[in-house]
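A look at the structure
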Amino acid sequence: MRGTRVTRSAGRGRGRLPLAVAVLTVATAALSAPATAQAADEELTPGGGAVSASTSDENVPANAVDGDLGTRWSGEGDGAWLQLNLGATRTVSHVKLAVHQGTTRQNVFELQYWDGSRWVTTYEGLTSGTTTALETFTFDDPVETSRIRYLGHGYEGDGEGDWNSLTEVEVWGSGEGGGDDGGGGDAELPSEVLDLSDWKVTLPIGDDEDPTEIFQPDLDEYSHDPFFRVNDAGDAVTFRAPVNGVTTGGSSYPRSELREMESGGEDEIEWSSTSGTHTMTVREAFTHLPEDKPEVVGAQIHGGDDDVTALRLQGSRLWITDEDTVQHHLITDEYELGTVFELEYVVSDGEIEIYYNGELETTIDHSDSTNYFKAGAYTQANCERSSPCSDDNYGEVEIYDLTVTHSDGDGSEGTDDTSAADRYGWGEPLPISDEFDYTGPVDPDRWAVPSGNVGGTEGCWEGHAGNGRRCAKNSTVADGILTMRGEENGDTGWLRQERDEQYGRWEIRSRSRNTGDSGGLYHPLHLIWPTEGNRLENGEYDWVEYSDPDEQCLTAFLHYPESPTDEKERYDLCPLDMTEWHNFAFEWTPDALVGYVDGEEWFRASNGANEDRGDIQTMPSGHLNIQLDNFTGDGGLRPAVFEVDWVRVYE
């Protein structure tokens with residue numbers, strides 16, 4: 001299968017199927033032969049080595065193509081999929097499916113094919129619920145494809161459930177059938193074997209500590225013999241790294257390796273192991289080891305500045321590592337070069353589950369938000385540790401299939417990579433959140449506003465440090481936007497969210513602009529203010545603050561608790577056009593304070609306690625404030641507005 005970044009879709013209403021997309025006809029068929037109208041077709045079903053799935057229990061993907069109705073593939077979850085790699089482009093006319101407990105269950109599913117750039121759904125429906133034999137689903141028009149996917153949405157019938165279970169799958173059409181490992185292929189570029197749209201490759205060539213890296217869109221048209229090419233059979237990508245290869249600045253070992261990127265392949269991705277579910281499935285084989293130190297890494301999860309866990313072959317011993325513990329878990333001590341296997345990482349809730357050929361091998365605890373996947377050949381030898389020092393002494397890996405999925409775990413359709421909540425799977429916003437889909441004053445159930453009558457105006461009190469006034473009248477909602485106005489006379493807005501907690505996650509889409517030509521500047525802020533009000537005792541987290549949107553700079557000031565001298569950390573992000581909309585997010589956990597801008601991590605602060613202060617993340621309790629602060633006085637201000645599209649709060 002080609003790797004693709006996907007998010008599990010929302011749960012579907014069972015039985016409510018749009019007939020407009022039903023472009024296949026379905027008929028029950030026996031296990032032995034296709035219908036007469038399809039007599040000219042050939043079976044194209046690949047062998048078990050060319051079948052993979054997004055998830056499975058002990059009933060592994062290969063069971064679906066073993067010719068035995070007594071075995072099955074089972075994957076749990078709405079959106080679980082089974083994919084068949086045909087090895088080369090074939091003309092596919094129909095697919096046959098046999099359902100586990102098919103006389104009492106109707107599987108709800110889609111059939112999809114890969115069109116070279118995306119998965120296309122050709123059918124959405126149910127199996128008959130009347131047979132455990134193969135049922136034939138005929139394409140209205142045959143398709144040209146190298147991959148077929150069954151996308152499952154659970155079952156109806158004998159109750160409802162999220163399990164997707166198939167005892168057998170057959171692919172029929174014209175062209176040669178697959179062999180044990182999916183048959184031969186006709187690909188010439190690595191991008192014709194693997195979907196490289198969300199990857200870059202690092203090669204063992206270039207300048208010392210500055211190896212060559214190929215990014216999208218160039219990567220789609222790139223190959224390099226012998227370090228990054230299609231293998232001789234045309235069905236896998238060969239990654240080769242010689243011991244004399246160029247290395248990165250952070251390693252003494254060479255690599256020919258893919259690094260996961262954001263959608264489109266331009267920017268490096270990072271994701272959290274504690275939010276959402278992140279999966280990489282790779283079907284590969286180690287094919288060559290260096291002399292003297294016969295060690296190669298074939299896949300890994302990297303975080304920050306170091307690897308988190310890797311699949312490492314040492315001679316014939318295949319290990320799973322855990323950070324610096326190289327020999328954490330032994331998979332086998334009898335691995336033979338060229339043996340194709342499937343490795344799967346499933347990361348969620350602070351744990352990494354690692355599967356080998358469908359079997360859970362080990363679970364590693366890991367909590368961090370700077371993770372990304374890598375796959376290829378990372379040779380663990382160099383000229384100082386292996387001889388001869390030449391291109392002929394190398395580590396090599398062949399990759400047949402590579403898939404990465406990221407889901408936010410909250411059932412939402414699609415993700416917005418510019419939202420930290422979407423990217424890291426923070427779940428559903430809490431009811432205290434506000435989309436500002438009303439008109440008038442702010443919602444009093446969500447927000448506190450200034451009270452009193454300072455200056456003779458109801459709903460006003462003194463401004464910041466006694467400068468001007470903060471007034472309820474200066475914060476209003478219209479056309480889906482909260483507008484906080486700062487006036488020339490020093491009147492401005494202030495809001496406090498009606499929620500006090502220790503720890504939480506907030507994301508706000510906002511912008512500001514000066515509406516006057518001259519005068520003292522207003523300061524827009526998003527901050528967490530301590531419930532008890534004593535900043536020096538309890539801390540303060542000003543995670544968005546700036547004085548002039550036209551200067552294109554953003555600052556954060558994080559004040560330590562228990563700090564009589566008001567020690568703090570400062571972070572600056574320039575240039576950033578503050579007159580444009582941006583998504584600003586803040587994550588406060590027992591471990592750290594983390595800031596994000598448009599889904600990208602901006603700062604991270606943790607601990608730091610000494611005799612003058614406590615750990616920075618240990619504010620006892622706090623609440624969100626939105627402020628347009630007056631640092632100047634009772635007049636002579638430059639009018640400005642602070643606009644907020646929405647405020648979303650998460651556990």
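This text follows the structure it describes.
Now for a look at the structure at hand. (Residues numbered from 1 in each chain as written. Predicted model: local features only at pLDDT ≥ 70, side-chain atom pairs only at ≥ 80, totals over all residues. Heavy atoms only, no water.)

1. What to know about the overall build of the protein
Of the regular secondary structure elements, the protein holds two helices and 42 strands. Relative to the globule expectation of 26 Å for 651 residues, the C-alpha radius of gyration of the protein, 29 Å, shows essentially globular dimensions. Across its three principal axes, the protein shows a C-alpha extent of roughly 90 × 65 × 40 Å. Per-residue burial over the protein gives 57% buried out of 651 residues. The contacts of the protein with a sequence gap of at least 6 include a subset with a gap of at least 24, amounting to 71%. On the protein, roughly 25,300 Å² of surface is accessible, and the fraction owed to carbon and sulfur atoms is 42%. Counting 43 positive and 127 negative side-chain charges, the protein places the averaged centre of each group 4 Å from the other. (Helix = DSSP H or I, 4+ residues; strand = E, 2+ residues; numbered from the N terminus. Rg over C-alpha atoms; globule rule 2.2 N^0.38 Å. Buried < 20%, exposed > 50% of the residue type's maximum accessible area, 1.4 Å probe, protein only. Contact = heavy atoms within 4.5 Å. Areas by Shrake-Rupley, 256 points an atom, 1.4 Å probe, with all protein chains shown as cover. Lys, Arg positive; Asp, Glu negative; His and termini not counted. Charge placed at Lys NZ, Arg CZ, Asp CG, Glu CD.)

2. Topic: the sheet that holds strand β27 (residues 460–462)
The strands making up a sheet associate through hydrogen bonds between their backbones, and the pairing can be parallel or antiparallel. Spatially, the three strands line up as an open sheet ordered β27-β28-β31, and their pairing is mixed. The sheet is open, and its two edges are formed by β27 and β31 (491–492), each paired on a single side. Looking at chain direction, strand β28 (residues 469–471) and β31 are connected through two bridges and run parallel. Within the sheet, the bridge partner assigned to Arg470 lies in β31 and is Thr492. (Pairing = 2+ DSSP bridges.)

3. Focus on the state of the cysteines
In total, this model carries three disulfides according to the counting rule given. The disulfide bridge from Cys460 ends at Cys471, spanning 2.0 Å between sulfur atoms. Given an S-S torsion of about 115°, the disulfide between Cys460 and Cys471 has right-handed geometry. You can see Cys460 sitting in strand β27 and its partner Cys471 sitting in strand β28, a full eleven residues away along the chain. Summarising the burial analysis for this pair, Cys460 and Cys471 share the class buried. (Disulfide = S-S within 2.5 Å.)

4. Digging into the sheet that holds strand β33 (residues 504–514)
Spatially, the eight strands line up as an open sheet ordered β25-β29-β30-β42-β33-β38-β39-β40, and their pairing is antiparallel. The sheet is open, and its two edges are formed by β25 (440–441) and β40 (600–605), each paired on a single side. Pairing of strand β38 (residues 582–588) with strand β39 (residues 593–597) involves five bridges; the strand directions are antiparallel. Bridging across to β39, Trp588 finds its partner in Leu593.

5. Considerations on the side chain of Asn164
Summarising the element assignment, Asn164 is placed in strand β9 (residues 163–174). Within polar-contact distance, the side chain of Asn164 engages the backbone nitrogen of Gly154 at 2.7 Å. Setting aside residues no more than four positions away along its own chain, Asn164 makes contact with Trp73, Ser74, Gly75, Glu76, Gly77, Ala80, Val108, Gly152, His153 and Gly154. (Polar contact = N/O pair within 3.5 Å; in protein donor to acceptor, adjacent residues only side chain to side chain.)

6. Some points on unusual backbone geometry
The omega torsion across Gln216 and Pro217 is 5°, close enough to zero to call that bond cis. Inspection of the secondary structure puts Pro217 in the loop between β11 (210–214) and β12 (228–230). At the junction of Cys574 and Pro575, the peptide bond is cis and its omega measures out at -5° in the coordinates. One non-glycine residue, Ala465, lies in positive phi territory at about 55°. Structurally, Ala465 is set in the loop between β27 and β28. Residue classification places Ala465 among the exposed residues on the basis of a relative accessible area of 68%. Positive phi, close to 55°, is recorded for Asp479, a residue that is not glycine. Considering the arrangement of structural elements, one finds Asp479 in the loop between β29 (475–478) and β30 (481–486).

7. Brief notes about the pairing of β40
Here β39 pairs with β40 via five bridges, running antiparallel. Its bridge partner lying in β40, Val594 is registered against Arg604. The antiparallel hairpin formed by β39 and β40 contains two residues in its connecting segment, where Asp598 sits at a positive phi of about 50°.

8. Regarding the environment of Thr132
With respect to the helices, strands and loops of the structure, Thr132 is situated in the loop between β7 (119–126) and β8 (135–157). Given the relative accessible area of 39%, Thr132 is considered partly exposed. If near-sequence neighbours (up to four positions away) are discounted, Thr132 is found in contact with Leu69, Ala98, Val99, Gln101, Gly102, Thr103 and Thr167.

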